[in-house]
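Working through the structure, step by step
The lines below spell out each chain.
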Amino acid sequence: MKIIVTSIFVQDQDKALEFYSETLGFVKKEDVPVGEFRWITLVSPNDQGGTELLLEPNVHPAAREYQKKIFNEGIPATMFGVTDVRKEYKRLMEQGVKFTMEPTKVGEVTLAVFDDTCGNLIQIVQK
């Protein structure tokens, strides 16, 4: 058994697709209409057969409440691995990404947290 798709709630699928592809650099894999929404997944450009990230609309009240509460508590919705947190931090800052935590060494890892503009905090980590 392996993880093939994981999802993140987003407030606006189009805005999220733009941010996750153009700003973060993920590659769109699927974009299929499903009723009034779409099944949009992205993958790492270096592992296009790997785990897909689903941009899940937060239309259900429970999803909206969950997303809002973890954001307000400063809890990242997910974590992405990077080879160099400081380099990625600098690259994203130059693109106007707002960080809530600059690169910080925590035990064996270095991490940083940013706002994805779609209702989530995202943690990047270098092991």
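Nothing here was measured: the structure is a model prediction, and the numbers come from that model. Here the residue numbers are simple positions, counted from 1 along each chain's written sequence. Local features are withheld for residues below a pLDDT of 70 in this predicted model, meaning they are given only at 70 or higher, and side-chain atom pairs are given and counted only at 80 or more; totals for whole chains, interfaces and linings count all residues. Hydrogens and waters are ignored; side-chain quantities use all the structure's heavy atoms.

**As for the packing of aromatic side chains**
By convention here, two paired aromatic rings are described through the distance between centres and the angle between planes. For this analysis, a ring pair means two rings from Phe, Tyr or Trp (six-membered ring only for Trp) whose centres lie within 6.5 Å, classed as stacked if their planes differ by under 30 degrees, edge-to-face if by over 60, and tilted for the remaining angles. Using the criterion set out here, one finds 7 aromatic pairs in the structure. Residues phenylalanine 9 and tyrosine 66 carry aromatic rings whose centres are separated by 6.3 Å and whose planes lie at 75° to one another, so their mutual orientation is edge-to-face. Here phenylalanine 9 is found in strand S1 (residues 5–10), whereas its partner tyrosine 66 is found in helix H2 (residues 61–72), with 57 residues between them in sequence. Exposure categories follow from relative accessible area, calculated using a 1.4 Å probe and restricted to protein chains: below 20% of the type maximum is buried, above 50% is exposed, and the middle band is partly exposed. The partly exposed category is assigned to phenylalanine 9, whose relative accessible area is 27%. Only DSSP runs of H or I with at least four residues qualify as helices, and only runs of E with at least two residues qualify as strands; both kinds are numbered from the N terminus onward.

**Topic: the sheet that holds strand S3 (residues 37–43)**
Judged by pairing direction, the sheet is mixed, and its 4 strands sit side by side in the order S1-S4-S3-S2 without closing on themselves. Two strands lie at the open edges of the sheet, namely S1 and strand S2 (27–34), each paired on one side alone. Between one strand and the next, the sheet's axes are offset by a mean angle of 25°, whatever the strand orientation. Two strands pair when backbone bridges link them, and S2 and S3 are joined in this way by 7 bridges, in the antiparallel orientation. Note on S3: the bridge partner recorded for aspartate 31 is isoleucine 40. Lying over the sheet, helix H1 (residues 13–23) contacts S1, S2, S3 and strand S4 (52–57), oriented at roughly 10° with respect to S3. Here, strands pair whenever DSSP counts at least two bridges between them. Structural elements are reduced to axes, namely lines fitted to C-alpha atoms, with helices fitted over the stretch in contact, and the angle between N-to-C directions of any two is expressed from 0 to 180 degrees. Throughout, a contact is declared for two residues whenever any of their heavy atoms are within 4.5 Å.

**Re the side chain of threonine 41**
Tracing the sequence through the fold places threonine 41 in strand S3. Those residues within four positions of threonine 41 in sequence are excluded, and the remaining contacts are Val27, Lys28, Lys29, Glu30, Glu52, Leu53 and Leu54.

**Re the sheet that holds strand S8 (residues 121–126)**
Here we have 4 strands laid out as an open sheet, ordered S5-S8-S7-S6, and mixed in their pairing. The sheet terminates laterally at strand S5 (78–81) and strand S6 (99–106), the two strands that pair on one side only. Along the sheet, successive strands turn relative to each other by an average axial angle of 20°, direction set aside. As paired strands, strand S7 (residues 109–115) and S8 are joined by 6 bridges and run antiparallel to one another. When the sheet's bridge partners are listed, alanine 112 is paired in S8 with isoleucine 124. Across the sheet, helix H3 (residues 85–94) touches S6, S7 and S8, and the angle it forms with S6 is around 170°.

**Some words on the pairing of S4**
Among the 6 residues that make up S4, 5 are buried, leaving the element largely enclosed by the rest of the structure. Here 6 bridges tie S1 to S4, and the two strands are oriented parallel to one another. When the bridges of S4 are listed, serine 7 appears paired with leucine 54. Pairing of S3 with S4, which is carried by 2 bridges, proceeds in the antiparallel orientation. Looking at the pairing, leucine 42 lines up with leucine 53 of S4.

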